Amino acid sequence: MELTDFYRTVWRGGFDGEDNELETLLSRAADVVNNAIYLSGEEVESISEGYKTKVFKAVCAQADYIDSCGGVEAMNESTGGSVSLGKFSYSSGTGGASGSADNMGCSLCRQAEGYLMAAGLLYKGVNVF
């Protein structure tokens, strides 16, 4: 089952735009999920059958999260802020993508993280090279 079909028929997400917009949204969500599961050796596009449902749900949850945060366009906008306290001043988000560069300005949402953790795809160990 294709990811777009999964989103529409199984997940039944809240996105109500055109199919090409949904495909773009799911593609960006899959990129974020792929970055999260990189060390497992799996990828959304070639995920083994045993993980497929949980990974597809993670991608759909991430897509809904991206949509609720302003959509694909908002992934490239600065969301940084600034704070001042006396002489101390701090600012972040000077332009470009916010958050991790690997995730194109969007972090993995908790719901997607939950699906991936349940599948055992989030590596929490130490790599030795």
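The model shown is predicted, which means the values in this text are computed figures rather than measured ones.

Calculation notes
Within every chain, residues take consecutive numbers counted from 1 along the sequence as written. The predicted nature of this model means local features are confined to residues of pLDDT at least 70 and side-chain atom pairs, given and counted, to a pLDDT of 80 or more, with totals for whole chains, interfaces and linings taken over all residues. In computing side-chain properties, one takes all heavy atoms of the structure into account and sets aside hydrogens as well as water. Secondary structure counts use DSSP, requiring at least four H or I residues in a row for a helix and at least two E residues in a row for a strand, with both numbered from the N terminus. The classification of residues rests on relative accessible area computed with a 1.4 Å probe and restricted to protein chains. Under 20% of the type maximum is buried, over 50% is exposed, and intermediate values are partly exposed. With residues, only the protein chains shown are counted as cover, and all accessible areas are computed by Shrake-Rupley using a 1.4 Å probe. As a rule, the C-alpha atoms of each element are fitted with a line to give its axis, helices using only the stretch in contact, and angles between N-to-C directions run from 0 to 180 degrees. In this scheme, roughly parallel covers angles under 35 degrees and roughly antiparallel covers those over 145, while 65 to 115 is roughly perpendicular and the rest are oblique. Whether two residues are in contact is decided by their heavy atoms, any of which lying within 4.5 Å being enough. Confidence scores per residue from the predictor, reported as pLDDT, run from 0 to 100. In summary, the charge assignment counts Lys and Arg as positive and Asp and Glu as negative, without counting His or the chain termini. The rule for a salt bridge is simple: a side-chain nitrogen of Lys or Arg has to be within 4 Å of a carboxyl oxygen of Asp or Glu. Any two of the Phe, Tyr and Trp rings considered here, Trp counted by its six-membered ring, make a pair once their centres fall within 6.5 Å; the pair's planes then place it as stacked at under 30 degrees, edge-to-face at over 60, or tilted in between.

**Q** Break down the overall build of the chain for me, with residues and values.
**A** When helices and strands are tallied, the chain shows 4 helices and 2 strands. Helices and strands appear in the chain in the N-to-C order α-α-α-β-β-α. Burial statistics for the chain: of 129 residues in total, 32% are counted as buried. When the accessible surface of the chain is totalled, it reaches about 8100 Å², and 48% of it is carbon and sulfur.

**Q** Lay out the packing of helix H1 (residues 3–11) against helix H2 (residues 19–37) in plain terms, naming residues and giving numbers.
**A** Between H1 and H2, the shortest axis-to-axis distance is 10 Å and the interhelical angle comes to 105°. Relative to H2, the element H1 is oriented roughly perpendicular. Side by side, H1 and H2 meet where Leu3, Thr4, Tyr7 and Arg8 of the first sit next to Asp19, Leu22, Glu23 and Leu26 of the second.

**Q** Before we move on, could you go through the confidence of the model for the chain and cite the residues and values that matter?
**A** A residue-level look at the chain finds 80% of positions with pLDDT of 70 or above and a mean pLDDT of 83. Here strand S1 (residues 82–85) stands out as the element of the chain with the lowest mean pLDDT, 72, in contrast to helix H4 (residues 110–118), whose mean of 95 is the highest.

**Q** So what about the side chain of glutamate 42? Which residues, and what values?
**A** Examined against the element boundaries, glutamate 42 turns out to sit in the loop between H2 and helix H3 (49–68). Lysine 52 is the oppositely charged side chain nearest to the buried, salt-bridge-free glutamate 42, at an N-O distance of 10 Å. Sequence-distant contacts of glutamate 42, defined by excluding residues within four places in its chain, comprise Ile37, Ile47, Ser48, Tyr51 and Leu121.

**Q** Tell me about unusual backbone geometry, residues and numbers included.
**A** Of note, arginine 12 is a non-glycine position whose phi angle comes to about 55°, a positive value. Within the element layout of this structure, arginine 12 appears in the loop between H1 and H2.

**Q** Quick one: what's the story with the pattern of salt bridges, residue by residue and with numbers?
**A** This model, assessed by the stated rule, comprises 2 salt bridges. As a salt-bridge pair, arginine 8 and aspartate 19 come within 2.9 Å of each other at their nearest N and O atoms. With arginine 8 in helix H1 and aspartate 19 in helix H2, the pair connects residues that are 11 residues apart, well separated along the chain. A residue is classified by how much of its surface remains accessible, and aspartate 19, at 45% relative accessible area, is partly exposed.

**Q** Pulling in residues and values, what's your account of the packing of aromatic side chains?
**A** Under the counting rule described, the total for this entry stands at 2 aromatic pairs. Ring geometry for tryptophan 11 versus tyrosine 115: centroids 6.1 Å apart, planes at 70°, classification edge-to-face. In this pair, tryptophan 11 is assigned in helix H1 and tyrosine 115 in helix H4, connecting sequence segments 104 residues apart. The class for tyrosine 115 is partly exposed, based on a relative accessible area of 21%.

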